[in-house]
Amino acid sequence: MVWKNGTVFTEFILLGISSNPRTQATLFWIFLIAYMFTLLGNVIIILVTLTDNCLQTPMYLFITNLSFIDICYSSSITPQMLKDMLSTEMKISFSNCVAQMYISLSLGESECILLAIMAYDRYMAICYPLHYTTIMNRSVCIKIATGNWVCGFLLSISHVVLIWKMDFCANNKINHFLCEAPGLLSLGCGNIFVIEFAIFVIGVLILMIPVVLIITTYIQIIRTILKIKSIDGQQKMFSTCSSHLLVVTLFYGSAMTVYMKPRSYSTPNMDKTLAVIYTIIIPMLNPLIYTLRNKEVKRAVKIIFLKGIKMHIL
(Lines give C-alpha, C1' and ligand atoms only; values in the text may rest on other atoms or scores of the structure.)
Protein backbone atom coordinates (compact mmCIF):
# COMPACT_ATOMS: atom_id res chain seq x y z
CA MET A 1 0.00 0.00 0.00
CA VAL A 2 1.23 3.51 -0.83
CA TRP A 3 1.04 6.15 1.88
CA LYS A 4 0.53 9.85 1.41
CA ASN A 5 4.21 10.82 1.14
CA GLY A 6 4.94 8.04 -1.33
CA THR A 7 6.34 5.60 1.21
CA VAL A 8 5.27 2.01 0.57
CA PHE A 9 4.21 -0.22 3.46
CA THR A 10 2.75 -3.71 3.26
CA GLU A 11 2.16 -4.31 6.96
CA PHE A 12 1.24 -2.71 10.27
CA ILE A 13 2.95 -3.06 13.63
CA LEU A 14 0.57 -3.54 16.56
CA LEU A 15 2.01 -2.07 19.74
CA GLY A 16 -0.15 -4.31 21.90
CA ILE A 17 -1.52 -3.66 25.36
CA SER A 18 1.77 -3.07 27.15
CA SER A 19 5.43 -2.59 26.28
CA ASN A 20 6.52 -4.24 29.54
CA PRO A 21 7.60 -7.88 28.89
CA ARG A 22 6.50 -9.06 32.35
CA THR A 23 3.09 -7.47 31.94
CA GLN A 24 2.79 -9.02 28.49
CA ALA A 25 3.66 -12.46 29.89
CA THR A 26 1.09 -12.14 32.68
CA LEU A 27 -1.62 -10.92 30.30
CA PHE A 28 -0.82 -13.76 27.90
CA TRP A 29 -1.79 -16.39 30.45
CA ILE A 30 -4.82 -14.42 31.65
CA PHE A 31 -6.16 -13.98 28.10
CA LEU A 32 -5.34 -17.59 27.16
CA ILE A 33 -7.34 -18.88 30.14
CA ALA A 34 -10.17 -16.46 29.34
CA TYR A 35 -10.21 -17.65 25.72
CA MET A 36 -10.34 -21.32 26.77
CA PHE A 37 -13.25 -20.56 29.11
CA THR A 38 -14.96 -18.67 26.27
CA LEU A 39 -14.72 -21.66 23.96
CA LEU A 40 -15.71 -24.17 26.65
CA GLY A 41 -18.63 -22.17 28.03
CA ASN A 42 -20.15 -21.26 24.68
CA VAL A 43 -19.72 -24.77 23.27
CA ILE A 44 -21.54 -26.15 26.32
CA ILE A 45 -24.39 -23.66 25.81
CA ILE A 46 -24.68 -24.68 22.13
CA LEU A 47 -24.63 -28.41 22.90
CA VAL A 48 -27.15 -28.09 25.73
CA THR A 49 -29.64 -26.03 23.72
CA LEU A 50 -29.37 -28.32 20.69
CA THR A 51 -29.74 -31.62 22.59
CA ASP A 52 -32.34 -30.77 25.25
CA ASN A 53 -35.91 -30.93 23.91
CA CYS A 54 -37.14 -28.53 26.60
CA LEU A 55 -34.83 -25.83 25.25
CA GLN A 56 -36.11 -25.95 21.66
CA THR A 57 -37.70 -22.50 21.94
CA PRO A 58 -37.02 -19.19 20.14
CA MET A 59 -35.24 -17.72 23.17
CA TYR A 60 -32.70 -20.55 23.28
CA LEU A 61 -32.29 -20.53 19.51
CA PHE A 62 -31.16 -16.91 19.81
CA ILE A 63 -28.95 -17.76 22.81
CA THR A 64 -27.29 -20.46 20.67
CA ASN A 65 -26.69 -17.86 17.95
CA LEU A 66 -25.20 -15.50 20.54
CA SER A 67 -22.83 -18.23 21.76
CA PHE A 68 -21.73 -19.02 18.20
CA ILE A 69 -21.14 -15.32 17.48
CA ASP A 70 -19.07 -15.02 20.69
CA ILE A 71 -16.92 -18.00 19.68
CA CYS A 72 -16.29 -16.54 16.22
CA TYR A 73 -15.83 -12.99 17.52
CA SER A 74 -13.28 -13.96 20.16
CA SER A 75 -11.50 -16.33 17.73
CA SER A 76 -11.11 -13.54 15.15
CA ILE A 77 -9.04 -11.52 17.64
CA THR A 78 -7.65 -13.47 20.60
CA PRO A 79 -5.43 -16.07 18.81
CA GLN A 80 -3.68 -13.31 16.82
CA MET A 81 -3.24 -11.27 19.99
CA LEU A 82 -1.80 -14.24 21.90
CA LYS A 83 0.57 -14.97 19.00
CA ASP A 84 1.72 -11.33 18.99
CA MET A 85 2.40 -11.45 22.74
CA LEU A 86 4.96 -14.20 22.12
CA SER A 87 6.61 -12.31 19.25
CA THR A 88 9.25 -9.60 19.41
CA GLU A 89 7.65 -7.79 16.46
CA MET A 90 3.88 -7.78 16.40
CA LYS A 91 3.38 -7.45 12.64
CA ILE A 92 0.20 -7.92 10.64
CA SER A 93 -0.13 -7.51 6.89
CA PHE A 94 -2.40 -4.82 5.49
CA SER A 95 -4.78 -7.42 4.00
CA ASN A 96 -4.93 -9.40 7.26
CA CYS A 97 -5.52 -6.19 9.20
CA VAL A 98 -8.43 -5.22 6.96
CA ALA A 99 -9.78 -8.79 7.13
CA GLN A 100 -9.62 -8.79 10.93
CA MET A 101 -11.37 -5.43 11.10
CA TYR A 102 -14.09 -6.57 8.71
CA ILE A 103 -14.75 -9.91 10.41
CA SER A 104 -14.72 -8.52 13.96
CA LEU A 105 -16.93 -5.58 12.95
CA SER A 106 -19.36 -7.91 11.17
CA LEU A 107 -19.65 -10.19 14.18
CA GLY A 108 -19.90 -7.25 16.58
CA GLU A 109 -22.69 -5.68 14.54
CA SER A 110 -24.45 -9.04 14.29
CA GLU A 111 -24.36 -9.24 18.09
CA CYS A 112 -25.79 -5.70 18.34
CA ILE A 113 -28.73 -6.68 16.16
CA LEU A 114 -29.16 -10.06 17.88
CA LEU A 115 -29.45 -8.48 21.33
CA ALA A 116 -32.27 -6.29 19.98
CA ILE A 117 -33.95 -9.36 18.46
CA MET A 118 -33.71 -11.15 21.82
CA ALA A 119 -35.37 -8.16 23.49
CA TYR A 120 -38.21 -8.32 20.95
CA ASP A 121 -38.54 -12.06 21.59
CA ARG A 122 -38.98 -11.41 25.34
CA TYR A 123 -41.49 -8.66 24.52
CA MET A 124 -43.62 -11.04 22.45
CA ALA A 125 -43.38 -13.83 25.05
CA ILE A 126 -44.40 -11.63 27.98
CA CYS A 127 -46.78 -9.11 26.39
CA TYR A 128 -48.47 -11.44 23.87
CA PRO A 129 -48.12 -14.97 25.31
CA LEU A 130 -51.19 -16.36 23.48
CA HIS A 131 -49.84 -15.33 20.06
CA TYR A 132 -46.16 -15.99 20.83
CA THR A 133 -45.84 -19.52 19.45
CA THR A 134 -47.73 -18.55 16.30
CA ILE A 135 -45.73 -15.42 15.53
CA MET A 136 -42.31 -16.62 16.72
CA ASN A 137 -42.42 -20.07 15.14
CA ARG A 138 -39.25 -21.97 14.25
CA SER A 139 -39.32 -20.99 10.57
CA VAL A 140 -39.61 -17.29 11.40
CA CYS A 141 -36.84 -17.51 14.01
CA ILE A 142 -34.45 -19.20 11.57
CA LYS A 143 -35.13 -16.50 8.98
CA ILE A 144 -34.56 -13.78 11.60
CA ALA A 145 -31.31 -15.38 12.74
CA THR A 146 -30.10 -15.73 9.14
CA GLY A 147 -31.03 -12.13 8.35
CA ASN A 148 -29.10 -11.02 11.42
CA TRP A 149 -25.88 -12.58 10.09
CA VAL A 150 -26.43 -11.13 6.60
CA CYS A 151 -27.07 -7.62 7.97
CA GLY A 152 -23.97 -7.73 10.17
CA PHE A 153 -21.66 -8.66 7.29
CA LEU A 154 -23.25 -6.16 4.89
CA LEU A 155 -23.26 -3.18 7.26
CA SER A 156 -19.57 -3.52 8.14
CA ILE A 157 -18.53 -3.11 4.50
CA SER A 158 -19.01 0.65 4.84
CA HIS A 159 -16.30 0.87 7.53
CA VAL A 160 -13.82 -1.08 5.42
CA VAL A 161 -14.47 1.02 2.31
CA LEU A 162 -14.01 4.28 4.23
CA ILE A 163 -10.77 3.13 5.87
CA TRP A 164 -9.49 1.83 2.51
CA LYS A 165 -9.95 5.28 0.91
CA MET A 166 -8.17 7.10 3.74
CA ASP A 167 -4.68 8.62 3.27
CA PHE A 168 -2.18 7.34 5.81
CA CYS A 169 0.83 9.12 7.28
CA ALA A 170 4.34 7.65 7.09
CA ASN A 171 3.66 5.59 10.20
CA ASN A 172 2.54 1.98 10.30
CA LYS A 173 2.44 1.57 14.08
CA ILE A 174 -1.04 1.03 15.56
CA ASN A 175 -1.26 1.68 19.30
CA HIS A 176 -3.65 -1.20 19.84
CA PHE A 177 -3.71 -5.01 20.04
CA LEU A 178 -6.14 -5.42 17.11
CA CYS A 179 -7.10 -3.72 13.88
CA GLU A 180 -10.25 -1.66 14.34
CA ALA A 181 -11.48 1.67 13.01
CA PRO A 182 -10.40 3.97 15.93
CA GLY A 183 -6.82 2.67 15.81
CA LEU A 184 -6.52 3.01 12.03
CA LEU A 185 -8.07 6.49 12.09
CA SER A 186 -5.22 7.63 14.33
CA LEU A 187 -2.85 7.00 11.38
CA GLY A 188 -4.86 9.17 9.00
CA CYS A 189 -3.32 12.16 7.26
CA GLY A 190 -4.77 15.38 5.96
CA ASN A 191 -8.45 16.18 6.23
CA ILE A 192 -10.03 12.94 7.39
CA PHE A 193 -12.94 14.70 9.11
CA VAL A 194 -15.42 13.43 6.52
CA ILE A 195 -14.30 9.82 6.96
CA GLU A 196 -14.23 10.15 10.75
CA PHE A 197 -17.69 11.73 10.78
CA ALA A 198 -19.10 9.06 8.42
CA ILE A 199 -17.77 6.25 10.64
CA PHE A 200 -19.16 8.04 13.71
CA VAL A 201 -22.63 8.36 12.12
CA ILE A 202 -22.62 4.71 11.02
CA GLY A 203 -21.58 3.65 14.52
CA VAL A 204 -24.34 5.75 16.09
CA LEU A 205 -26.97 4.26 13.77
CA ILE A 206 -25.83 0.67 14.23
CA LEU A 207 -25.65 1.02 18.02
CA MET A 208 -28.49 3.45 18.74
CA ILE A 209 -31.24 1.85 16.63
CA PRO A 210 -30.99 -1.46 18.52
CA VAL A 211 -30.68 0.41 21.84
CA VAL A 212 -33.86 2.40 21.17
CA LEU A 213 -35.67 -0.82 20.23
CA ILE A 214 -34.42 -2.54 23.40
CA ILE A 215 -35.47 0.36 25.63
CA THR A 216 -38.89 0.57 23.97
CA THR A 217 -39.56 -3.16 24.32
CA TYR A 218 -38.47 -3.24 27.95
CA ILE A 219 -40.70 -0.31 28.84
CA GLN A 220 -43.64 -2.35 27.53
CA ILE A 221 -42.35 -5.47 29.27
CA ILE A 222 -42.08 -3.70 32.63
CA ARG A 223 -45.60 -2.29 32.24
CA THR A 224 -46.95 -5.76 31.56
CA ILE A 225 -45.05 -7.34 34.47
CA LEU A 226 -46.29 -4.70 36.92
CA LYS A 227 -49.88 -5.61 36.00
CA ILE A 228 -49.32 -9.16 37.25
CA LYS A 229 -50.85 -9.47 40.73
CA SER A 230 -48.71 -12.41 41.85
CA ILE A 231 -45.31 -11.46 43.31
CA ASP A 232 -43.92 -14.84 42.29
CA GLY A 233 -45.17 -14.27 38.75
CA GLN A 234 -43.47 -10.87 38.63
CA GLN A 235 -40.19 -12.31 39.91
CA LYS A 236 -40.30 -15.12 37.35
CA MET A 237 -40.86 -12.66 34.50
CA PHE A 238 -38.10 -10.34 35.70
CA SER A 239 -35.68 -13.27 36.04
CA THR A 240 -36.18 -14.22 32.37
CA CYS A 241 -35.14 -10.71 31.34
CA SER A 242 -32.38 -9.95 33.84
CA SER A 243 -29.71 -12.06 32.09
CA HIS A 244 -30.38 -10.34 28.77
CA LEU A 245 -30.33 -6.87 30.35
CA LEU A 246 -26.98 -7.61 32.00
CA VAL A 247 -25.44 -8.70 28.67
CA VAL A 248 -26.90 -5.63 26.91
CA THR A 249 -25.47 -3.27 29.53
CA LEU A 250 -21.97 -4.75 29.35
CA PHE A 251 -21.79 -4.99 25.57
CA TYR A 252 -23.41 -1.72 24.54
CA GLY A 253 -21.78 0.25 27.36
CA SER A 254 -18.24 -0.57 26.22
CA ALA A 255 -18.94 -0.50 22.45
CA MET A 256 -20.78 2.84 22.56
CA THR A 257 -17.93 4.44 24.52
CA VAL A 258 -15.47 3.48 21.77
CA TYR A 259 -17.53 4.14 18.63
CA MET A 260 -19.76 7.04 19.70
CA LYS A 261 -17.19 9.53 20.91
CA PRO A 262 -15.09 11.93 18.78
CA ARG A 263 -11.47 10.90 18.17
CA SER A 264 -10.26 13.96 20.10
CA TYR A 265 -11.78 12.48 23.29
CA SER A 266 -10.23 9.03 22.88
CA THR A 267 -6.99 7.77 24.37
CA PRO A 268 -5.19 4.56 23.31
CA ASN A 269 -5.25 3.11 26.84
CA MET A 270 -8.99 3.71 27.20
CA ASP A 271 -9.74 2.20 23.78
CA LYS A 272 -7.62 -0.86 24.54
CA THR A 273 -9.23 -1.39 27.94
CA LEU A 274 -12.74 -1.14 26.49
CA ALA A 275 -11.75 -3.42 23.60
CA VAL A 276 -10.62 -6.06 26.11
CA ILE A 277 -14.07 -5.86 27.71
CA TYR A 278 -16.12 -6.46 24.56
CA THR A 279 -13.72 -8.82 22.75
CA ILE A 280 -12.48 -11.03 25.61
CA ILE A 281 -14.41 -10.54 28.85
CA ILE A 282 -18.00 -10.36 27.54
CA PRO A 283 -17.75 -13.49 25.30
CA MET A 284 -16.39 -15.33 28.36
CA LEU A 285 -19.08 -14.02 30.73
CA ASN A 286 -22.11 -14.59 28.48
CA PRO A 287 -22.29 -18.37 29.10
CA LEU A 288 -21.89 -17.80 32.86
CA ILE A 289 -24.63 -15.16 32.89
CA TYR A 290 -27.10 -17.34 31.01
CA THR A 291 -26.15 -20.52 32.91
CA LEU A 292 -25.95 -19.26 36.48
CA ARG A 293 -29.10 -17.15 36.20
CA ASN A 294 -31.20 -19.65 34.24
CA LYS A 295 -32.70 -22.69 35.99
CA GLU A 296 -33.59 -24.50 32.75
CA VAL A 297 -30.04 -24.26 31.38
CA LYS A 298 -28.55 -25.37 34.72
CA ARG A 299 -30.93 -28.35 34.76
CA ALA A 300 -29.94 -29.34 31.20
CA VAL A 301 -26.21 -28.99 31.99
CA LYS A 302 -26.60 -31.23 35.05
CA ILE A 303 -28.42 -33.88 32.99
CA ILE A 304 -25.71 -33.93 30.32
CA PHE A 305 -22.99 -33.97 33.01
CA LEU A 306 -24.61 -36.92 34.83
CA LYS A 307 -25.06 -38.81 31.53
CA GLY A 308 -21.37 -38.26 30.80
CA ILE A 309 -20.39 -39.66 34.22
CA LYS A 310 -22.61 -42.75 33.75
CA MET A 311 -21.14 -43.43 30.29
CA HIS A 312 -17.63 -43.06 31.71
CA ILE A 313 -18.40 -45.52 34.53
CA LEU A 314 -19.95 -48.05 32.15
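Residues numbered from 1 in each chain as written. Predicted model: local features only at pLDDT ≥ 70, side-chain atom pairs only at ≥ 80, totals over all residues. Heavy atoms only, no water.

Per an unreviewed UniProt entry, the recorded name for the chain is Olfactory receptor, and the organism is Engystomops pustulosus. Entered under Subcellular location (unreviewed entry) in the UniProt record, the comment concerning the chain runs "Cell membrane". (UniProt positions renumbered as here; feature names shortened; annotations may be inferred.)

Colleague: Explanation requested: the overall build of the chain in the structure shown.
Modeller: Looking only at helices and strands, the chain has 12 helices and 3 strands in total. For 314 residues, the compact-globule estimate of 2.2 N^0.38 gives 20 Å, and the C-alpha radius of gyration of the chain, at 21 Å, lies within 12% of that figure. C-alpha atoms of the chain, sized along the principal axes, occupy 70 × 50 × 30 Å. For the chain, the residues scored as buried account for 47% of the 314 residues in total. Contacts in the chain between residues at least 24 apart in sequence constitute 79% of all its contacts with a sequence separation of at least 6. (Helix = DSSP H or I, 4+ residues; strand = E, 2+ residues; numbered from the N terminus. Rg over C-alpha atoms; globule rule 2.2 N^0.38 Å. Buried < 20%, exposed > 50% of the residue type's maximum accessible area, 1.4 Å probe, protein only. Contact = heavy atoms within 4.5 Å.)

Colleague: Explain the pairing of strand β1 (residues 11-14) here, please?
Modeller: For a regular strand, side chains alternate in direction, first toward one face of the sheet and then toward the other. Here β1 shows a buried face lined by Phe12 and Leu14 and an unburied face lined by Glu11 and Ile13. The pairing of β1 with strand β3 (residues 173-174) spans 2 bridges and is classified as parallel. Looking at the pairing, isoleucine 13 lines up with lysine 173 of β3. (Pairing = 2+ DSSP bridges.)

Colleague: When you look at the state of the cysteines in this model, what are you seeing that I'm missing?
Modeller: Note on terminology: a disulfide is the covalent bond linking the sulfur atoms of two cysteines. The final tally for this structure, using the stated rule, is 1 disulfide. Residue pairing for cysteine 97: its cysteine sulfur links by disulfide to cysteine 179, the two sulfurs lying 2.0 Å apart. Residues cysteine 97 and cysteine 179 are joined by a disulfide whose S-S torsion is about -115°; by sign, that bridge is left-handed. Of the two residues, cysteine 97 sits in helix α4 (residues 94-127) while cysteine 179 sits in the loop between β3 and α8 (181-185), which places them 82 residues apart along the sequence. Of the two residues, cysteine 97 and cysteine 179, both sit in the buried class. A disulfide-free cysteine, cysteine 151 has its sulfur positioned 12 Å from the sulfur of cysteine 112, the nearest such atom. A relative accessible area of 36% means that cysteine 151 is categorised as partly exposed. (Disulfide = S-S within 2.5 Å.)

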